[in-house]
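Fold and contact review
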Amino acid sequence: MEQMTELTKKVLEFLEPDTSKWEYWTTSQPLNSISESACMERFKKRIAQAVSNCEKVIVAGDYDCGATRS
């Protein structure tokens, strides 16, 4: 956990203020890459289409992840 970025630390502090539980979040939880999801493939195709057609593009998003505190 020494190689943790400042952004990662800030996210962890928000999700889990108790630093003694950080190892659970950084080693025990499998993480799925968003870049491998089906929705990302559709997104990339649509952006490529917009570029080809010289369309204006606005990208907005919200990523919710369910975290429970005990």
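Below you will find a few notes about this structure.

The next point concerns a nonpolar patch on the surface. Nonpolar side chains collect at one region of the surface, where Phe-43, Val-57 and Val-59 lie side by side and expose about 260 Å² of accessible area between them. Here Phe-43 lies in helix α3 (residues 38–52). The exposure class assigned to Phe-43 is partly exposed, which follows from its relative accessible area of 37%.

Here we come to unusual backbone geometry. Excluding glycine, most residues fall at negative phi; most peptide bonds, likewise, are trans. The phi dihedral of Cys-54 falls on the positive side, at around 55 degrees, and the residue is not glycine. With respect to the helices, strands and loops of the structure, Cys-54 is situated in the segment after α3. Look at Cys-54 and you get exposed, because its relative accessible area is 71%.

Reading the values: the criteria
Residues numbered from 1 in each chain as written. Predicted model: local features only at pLDDT ≥ 70, side-chain atom pairs only at ≥ 80, totals over all residues. Heavy atoms only, no water. Patch = residues over 30% accessible without salt bridge, like charges linked within 9 Å, V, L, I, M, F, W, Y side chains within 5 Å. Areas by Shrake-Rupley, 256 points an atom, 1.4 Å probe, with all protein chains shown as cover. Salt bridge = Lys/Arg side-chain N within 4 Å of Asp/Glu carboxyl O. Helix = DSSP H or I, 4+ residues; strand = E, 2+ residues; numbered from the N terminus. Buried < 20%, exposed > 50% of the residue type's maximum accessible area, 1.4 Å probe, protein only.

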